[in-house]
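Summary of structural features
So you can see what is in the structure, the chains are spelled out below.
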Amino acid sequence: MDRRLRANFRRQRITILLRELGLAKCTSTKLSALSGGERKRVTLAVELLTEPSILFCDEPTTGLDSYGAMTVVRTLREVAASGRIVICSLHQPASGLLKIFHEVLLLSGGRVAFQGSSIDAMEFFDSLNLPCPPTFNSAEFYVSQLSIIPDKEAESYRKCIGVLIGLPFMNISGEAMNQDTIQNMQGLLYLVIVETVFTFNYAVFYTFPKELPLLLRDIASGLYGIAPYYISKVIVLIPGAIIQPLLYSAFIFAITGLKGGLLGFVYFALPVVVCAISASAFGLFLSASFESMETASLFSVPLDFLGLMFCGIYLHLGYLAPDIAWLKYLSQFYYGLEAVSLTQWLLIDHINPEEPCISSGLEVLEKYGYLPTHYIMDIIGLLVIFSFSHLAGFLIIRHRSRKEPVY
């Protein structure tokens, strides 16, 4: 507050705010002893002390019960009634909250779906033959109708990519294997792994640059800690990184007619799935390391280049110089491609001999420098990258949360 104001006026102003926000009983309580909802209201009270002309409130009701949420929103309406501008973002607002606002803006996928009063919102959805049931929370109804389910979109995307990749290689294993079709088979396996790693790696670059300012503010408010936040991110990502690659692998396996039956599909899909979760973990590590998605993307390019160089397609892994041979063990592409290659080439006993003569799947594996006994090692290698990336990402976020200022 303005230091030029008298002490009596400042005390009176604080007392009024505490009473309006239901915090009068907490006047002599330490902040560390307050509940999460009470801390949220104290944060709002601090902002209201200066009587700002424009007040932006990002989810002021999150973490509050229905009574606390209603108290906060009514206080904000009174602030607006005094001639100030109040803008709030709400996530899953309680029943009746929308009616307190003068105007409502509904977003879907970052785009404006509706803007107007809460009464106009009801009429708008009625005009679309989407009437809100009388006993239903109107806010939840609007959110449910406008929600775009990312998993469903991503699932459809993966199916589409699977079809596009699989069609040129349709029934590849049904053809007589010869020297020409070796390249076709290995090219298919290469595309499966590379597309999986790139998709799940780059998909998470936006995570921390976008959320870090909010994270720092919430940590400063004592709402949660770094560990629960990071673990929740990992838990949210893993189901999508399992289901989508499974569907993708199923499309590829069915369209191209790869060998092995049901058990062969399991062996084929496992490294694809583990590549996906490993790539998303590495993407989170890069996201945590840089302040912008653009910088993370730029830094990942040379790392991807090195990983692809040592995947076995461009260099014979059995004839690498000792000084650089170890670099292949840092490559997700190497682990993934070797594993899926083993699932197919070990099932091919005969290849029509021509010049140059490769007569079996084992010789194909030898050509690329892959070892027939490395399947388990490849899975373990991907899991090590997954674990290290998440550990490093967590430590970096924890370090940044302690060093960067809270806005």
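What you see is a predicted model, and the numbers here were worked out from it, not measured in a lab. (Residues numbered from 1 in each chain as written. Predicted model: local features only at pLDDT ≥ 70, side-chain atom pairs only at ≥ 80, totals over all residues. Heavy atoms only, no water.)

1. Side note on the domain arrangement of the chain
Applied cut-off: As used throughout, domain bounds are those supplied by an automatic or database domain assignment. Whether two residues are in contact is decided by their heavy atoms, any of which lying within 4.5 Å being enough. Summed over both partners, the accessible surface that disappears when two parts come together, traced with a 1.4 Å probe, is what is meant by buried area. For this analysis, a salt bridge means a side-chain nitrogen from Lys or Arg found within 4 Å of a carboxyl oxygen belonging to Asp or Glu. Whenever two N or O atoms come within 3.5 Å, that pair is a polar contact, provided that in protein one can donate a hydrogen and the other can accept it, and provided that, for residues adjacent in sequence, both atoms are side-chain atoms. Asp, Glu, Lys and Arg are counted as charged, while Ala, Val, Leu, Ile, Met, Phe, Trp, Tyr, Cys and Pro are counted as nonpolar; the rest, among them Gly, fall into the polar class.
For the chain, the assigned domains are domain 1 (7-146) and domain 2 (152-401). Its C-alpha centre places domain 1 at a distance of 44 Å from the equivalent point of domain 2. Facing five residues of domain 1, the contacting portion of domain 2 comprises five residues. Overall, the association of domain 1 and domain 2 removes approximately 410 Å² of surface from exposure, summing both partners, and the carbon and sulfur fraction of that is 41%. If you sort the residues of domain 1 by the area they bury against domain 2, Arg39, Lys40 and Asp58 come out on top, with a joint share of 77%. Across the domain 1-domain 2 interface, the total number found is zero salt bridges. The interface formed by domain 1 and domain 2 holds zero residue pairs in polar contact (both at pLDDT 80 or more) in total. Taken together, the residues that form the side of domain 1 that touches domain 2 break down as no nonpolar, two polar and three charged.

2. Considerations on the packing of helix H10 (residues 261-289) against helix H15 (residues 375-403)
Defined as follows: Orientation is described by axes fitted as lines to C-alpha atoms, over the contacting stretch for helices, and by angles from 0 to 180 degrees between their N-to-C directions. In this text, helices come from DSSP runs of H or I with a minimum length of four residues, and strands from runs of E with a minimum of two, each type numbered from the N-terminal end. Roughly parallel covers angles under 35 degrees, roughly antiparallel covers those over 145, roughly perpendicular covers 65 to 115, and oblique covers all other angles. By convention, the crossing between two helices is left-handed when the near helix turns anticlockwise from the far helix through less than a right angle, and right-handed when the turn is clockwise.
Where H10 contacts H15, the two axes come as close as 8 Å, and the packing angle between them is 20 degrees. Between H10 and H15, the crossing angle belongs to the class labelled roughly parallel. Between H10 and H15 lies a crossing of left-handed hand.

3. Comments concerning the side chain of glutamine 186
Counted only if it meets this: Exposed residues in this analysis have more than 50% of their type's maximum accessible area, buried residues have under 20%, and partly exposed residues fall in between, with area computed by a 1.4 Å probe over protein chains only.
Mapped onto the elements, glutamine 186 comes out in helix H7 (residues 179-202). With relative accessibility at 1%, the residue glutamine 186 sits in the buried group. Leaving out residues up to four positions away in the same chain, glutamine 186 has contacts with Ile313, Leu337, Ser341, Trp345, Tyr368 and Tyr370.

4. Some words on the side chain of asparagine 201
Among the secondary structure elements, asparagine 201 is positioned in helix H7. If we skip the residues at most four places from it in the chain, asparagine 201 touches Ala279, Ser280, Phe282, Gly283, Leu286 and Asp304.

5. Quick word on the nonpolar core
What counts, and what does not: What makes a nonpolar core is a set of buried Ala, Val, Leu, Ile, Met, Phe, Trp, Tyr and Cys residues whose side-chain atoms join them at distances within 4.5 Å.
In terms of nonpolar packing, the biggest core is built from 54 residues, with Leu188, Ile252, Leu258, Phe268 and Trp345 touching the most fellow members. Looking at this core, the elements with two or more residues in it are helix H6 (150-166), H7, helix H9 (226-256), H10, helix H13 (332-345), helix H14 (361-368) and H15. If sequence neighbours within four positions are ignored, phenylalanine 268 has contacts with Leu189, Val192, Ser249, Ile252, Phe253, Leu258, Val340 and Thr343. Grouped together as the second largest cluster of nonpolar side chains are 20 residues, Ala69, Met70, Leu76 and Val79 included.

6. Observations regarding the pattern of salt bridges
All told, the structure shown has one salt bridge when counted by the stated rule. Here lysine 233 makes a salt bridge to glutamate 211, at a shortest N to O gap of 2.7 Å. Taken together, the residues lysine 233 in helix H9 and glutamate 211 in helix H8 (residues 207-220) connect sequence positions 22 residues apart. Assessed through its relative accessible area of 18%, glutamate 211 is described here as buried.

7. Regarding the layout of surface pockets
Formally: Definitions used for this entry: grid spacing 1 Å over protein atoms alone; cavity, a set of points where a 1.4 Å probe fits but cannot get out; pocket, an open set with protein on both sides within 12 Å along at least 5 of 7 lines; lining residue, one with an atom within 4 Å of a point. Grid points are joined across faces, edges and corners, and a volume is the space filled by probe spheres set on the points.
In this structure, the second largest pocket spans a volume of roughly 540 Å³. Of all the secondary-structure elements, those providing two or more residues to the lining of the second largest pocket are helix H2 (36-49), strand S1 (54-58) and H8. Of the residues forming the lining of the second largest pocket, the biggest block, six residues, is contributed by H2. In the lining of the second largest pocket, the residues fall into 12 nonpolar, two polar and seven charged.

8. Here we look at the pairing of strand S3 (residues 104-108)
Where a strand is regular, its side chains alternate between the two sheet faces. Put simply, the rule reads: Between any two strands, at least two bridges found by DSSP are needed for them to pair.
With burial as the criterion, only one face of S3 is covered, namely that bearing Val104, Leu106 and Ser108; the residues Leu105 and Leu107 on the opposite face remain uncovered. Across five bridges, the pairing between S3 and strand S4 (residues 111-116) is antiparallel. For leucine 106, the partnering residue across the bridge sits in S4 and is phenylalanine 114.

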